[in-house]
Protein chains: 2
Amino acid sequence: MLNPSDQDFAKSLLRIFDNVLLTEEKALSKGYFSDLSIAELHTLEAIGPYEARTMSETAARLGITTGTLTVAIDRLVRKAYVERYRDLKDRRVVRIRLTRQGKLAYRMHAKFHTLLVKRLLDPLGEQEKERLIRLVKDIDEFIAEQYHKYSEEEKALKAKDSGGKEP
Amino acid sequence: MLNPSDQDFAKSLLRIFDNVLLTEEKALSKGYFSDLSIAELHTLEAIGPYEARTMSETAARLGITTGTLTVAIDRLVRKAYVERYRDLKDRRVVRIRLTRQGKLAYRMHAKFHTLLVKRLLDPLGEQEKERLIRLVKDIDEFIAEQYHKYSEEEKALKAKDSGGKEP
DNA sequence: TCAAATAGTTTGATTTGCAAACATTTTATC
DNA sequence: GATAAAATGTTTGCAAATCAAACTATTTGA
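Residues numbered from 1 in each chain as written. Chains lettered and ligands numbered in written order. Predicted model: local features only at pLDDT ≥ 70, side-chain atom pairs only at ≥ 80, totals over all residues.

A few words on the overall build of chain A. Along its length, chain A carries six helices and three strands. Ordered by position from N to C terminus, the α and β elements of chain A give α-α-β-α-α-β-β-α-α. The buried share among the 167 residues of chain A stands at 25%. In chain A, the proportion of contacts linking residues at least 24 apart, taken out of those at least 6 apart, comes to 44%. (Helix = DSSP H or I, 4+ residues; strand = E, 2+ residues; numbered from the N terminus. Buried ≥ 20, exposed ≤ 12 C-beta atoms within 10 Å, placed from the backbone. Contact = placed C-beta atoms within 7 Å.)

Right, let's talk about the confidence of the model for chain A for a bit. In regions of low pLDDT, the predicted coordinates are not meant to be interpreted in detail. With 66% of its residues at a pLDDT of at least 70, chain A reaches an overall mean of 77. Low pLDDT (under 50) marks residues 154-167 of chain A, which in the prediction has six contacts with non-local residues, meaning those over four places away or in another chain. (pLDDT = per-residue confidence, 0-100.)

Attention now goes to the protein's contact with DNA strand D. Around DNA strand D lies a shell of 21 residues, among which Ser37(A), Gly67(A), Thr54(B), Ser56(B) and Gly67(B) are the nearest. The set of elements that each furnish at least two residues to the surface near DNA strand D consists of α2 (38-47) and α4 (66-78) of chain A together with α3 (55-62) and α4 (66-78) of chain B. The element that contributes the greatest number of residues to the surface near DNA strand D is α4(A), accounting for four residues. Across the surface near DNA strand D, the residue classes tally to seven nonpolar, nine polar and five charged. (Near = placed C-beta within 6 Å. Nonpolar A, V, L, I, M, F, W, Y, C, P; charged D, E, K, R; others polar.)

Residues and elements named next belong to chain A. Looking at the secondary structure, you find Glu-40 in helix α2. Judged by C-beta crowding, with 21 C-beta atoms within 10 Å, Glu-40 ranks as buried. Not counting residues within four places of it along the chain, the set of residues in contact with Glu-40 comprises Ala-72 and Leu-76.

This part covers the protein's contact with DNA strand C. Within the structure, DNA strand C sits among 22 residues, and Thr54(A), Ser56(A), Gly67(A), Ser37(B) and Gly67(B) are positioned closest to it. Secondary structure elements with two or more residues in the surface near DNA strand C: α3 (55-62) and α4 of chain A together with α2 (38-47) and α4 of chain B. Sort the elements by how many residues they give to the surface near DNA strand C and α4(B) lands first, with five residues. Classifying every residue of the surface near DNA strand C by side-chain character gives seven nonpolar, nine polar and six charged.

Right, let's get into the sheet that holds strand β3 (residues 94-98) of chain A. Taking strand neighbours across the sheet as the criterion, the three strands line up as β1-β3-β2 (chain A) in an open arrangement whose pairing is antiparallel. The open sheet has two edge strands with one neighbour each: β1 (53-54) and β2 (82-86) of chain A. (Pairing = 2+ DSSP bridges.)

Here we come to the sheet that holds strand β3 (residues 94-98) of chain B. All names here are of chain B. Pairing is antiparallel in the open sheet, where three strands are placed in the order β1-β3-β2. Two strands in the sheet have a free side with no partner beyond their single neighbour: β1 (53-54) and β2 (82-86). Relative to β3, β1 runs antiparallel, the two being bridged by two bridges. Looking at the pairing, Arg-53 lines up with Ile-96 of β3.

All names here are of chain A. Compared with the 32 Å implied by 1.5 Å per residue over 22 residues, the 31 Å span of helix α5 (residues 100-121) between its first and last C-alpha is a close match. If you check which residues of α5 are buried, you get Gly-102, Ala-105, His-109, Leu-116 and Leu-120. An end-on view of α5 places all buried positions within 75° of arc, on one side of the element. Exposed side of α5, more than 90 degrees from the buried face: Arg-100, Arg-107, Lys-111 and Leu-115 are the residues found there. (Expected span 1.5 Å × (residues − 1). Arc of directions from axis to C-beta.)

Turning next to the packing of α2(A) against α3(A). Residue and element names in this part refer to chain A. For the pair α2 and α3, the least separation of the axes is 9 Å and the interaxial angle reads 120°. Looking at the two axes, α2 sits oblique to α3. α2 and α3 meet at a crossing whose hand is right-handed. Residues His-42, Thr-43, Ala-46 and Ile-47 of α2 touch α3, and the partners they reach there are Thr-58, Arg-61 and Leu-62. Classifying every residue of the contact of α2 with α3 by side-chain character gives three nonpolar, three polar and one charged. (Axes fitted to C-alpha atoms, helices over the stretch in contact; angles between N-to-C directions. Parallel < 35°, antiparallel > 145°, perpendicular 65-115°, else oblique. Left-handed = near helix turned anticlockwise from the far one by under 90°.)

This is how it looks when you write it as structure tokens:
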């Protein structure tokens with residue numbers, strides 16, 4: 001069990017995850033670019049503002065299947081945030097690239113992130129800043145580690161198991 | 001613009017949000033209780049392990065409509081994680097309550113959170129712990145504040161606006 | 001050349017969500 | 001007490017996001 005102060009900490013932590021997503025949704029989807037969802041913004045983010053990317057590459061970055069990406073890109077092309085064309089060298093490959101409007105949305109999104117970070121770090125002294133950065137990095141690593149661990153377990157389970165709910 | 005160290009911080013921060021959700025998904029949905037999604041777990045969480053709650057109450061806690069909750073509960077009842085019955089006093093009201101299996105899943109989920117927090121806090125000294133708790137609380141408050149701000153803006157926009165994308 | 005591999009798309013299904021229409025029950029008003 | 005208004009859920013129609021599997025087109029390798 002956790003003591004009350006640690007419980008507060010846990011609650012804050014969880015609420016942050018909920019609220020960051022909700023805030024992003026509110027902040028970016030509802031103001032300008034009100035026709036973009038969070039998922040669509042993340043797709044624009046994964047494509048990035050520079051060279052054209054392939055479908056598989058982008059799907060892998062997002063951790064989704066190419067099938068899912070295809071329909072997402074259909075919509076983003078319809079809404080004029082993304083351009084799609086076949087690669088001239090390898091005609092199996094499809095290239096996607098942000099349009100002017102897509103880049104604009106991308107930059108707005110990046111700006112939101114920058115603002116969030118700035119506002120968090122600016123009021124801190126140099127030492128405290130370093131400490132926070134260190135701690136966030138630790139959290140990041142811990143979570144990544146956990147993710148890995150559970151991914152392995154999942155693989156192991158899938159290898160033998162065939163369902164069975166009661167632990 | 002952010003300096004490189006702050007950029008790392010930003011990246012860590014964002015990756016945490018992605019990974020926490022993914023890890024929860026992996027950790028809890030794929031091991032035991034493999035038939036529960038994150039959203040469903042959150043519903044169990046919102047119902048809580050004690051007294052029976054009403055639909056509206058639970059929907060409000062989750063920030064979804066009662067219509068959405070109705071179909072979610074349909075599924076959870078079918079999967080035997082939740083019981084549903086009409087209130088005897090006020091027959092408009094529907095009460096929902098976790099079954100034994102539902103409570104089990106609830107406790108597993110809570111345990112995951114506890115473990116996460118413990119692992120984060122345990123290696124820290126008393127001072128550092130306090131500092132981290134303070135910082136996480138600050139982040140929480142900052143995000144909540146942002147959320148509020150954008151919610152207000154949204155209301156204002158909805159009051160007049162009628163669409164227009166180019167900033 | 002032709003089979004295998006690769007890159008995307010299409011299709012059918014599920015989950016999650018909203019808004020609006022609806023049904024039932026309670027409360028308040030006349 | 002009857003009836004209109006309010007409250008509580010459910011149903012329906014729709015859209016987004018996702019996957020798996022079947023499919024198409026193209027390239028590569030044997």
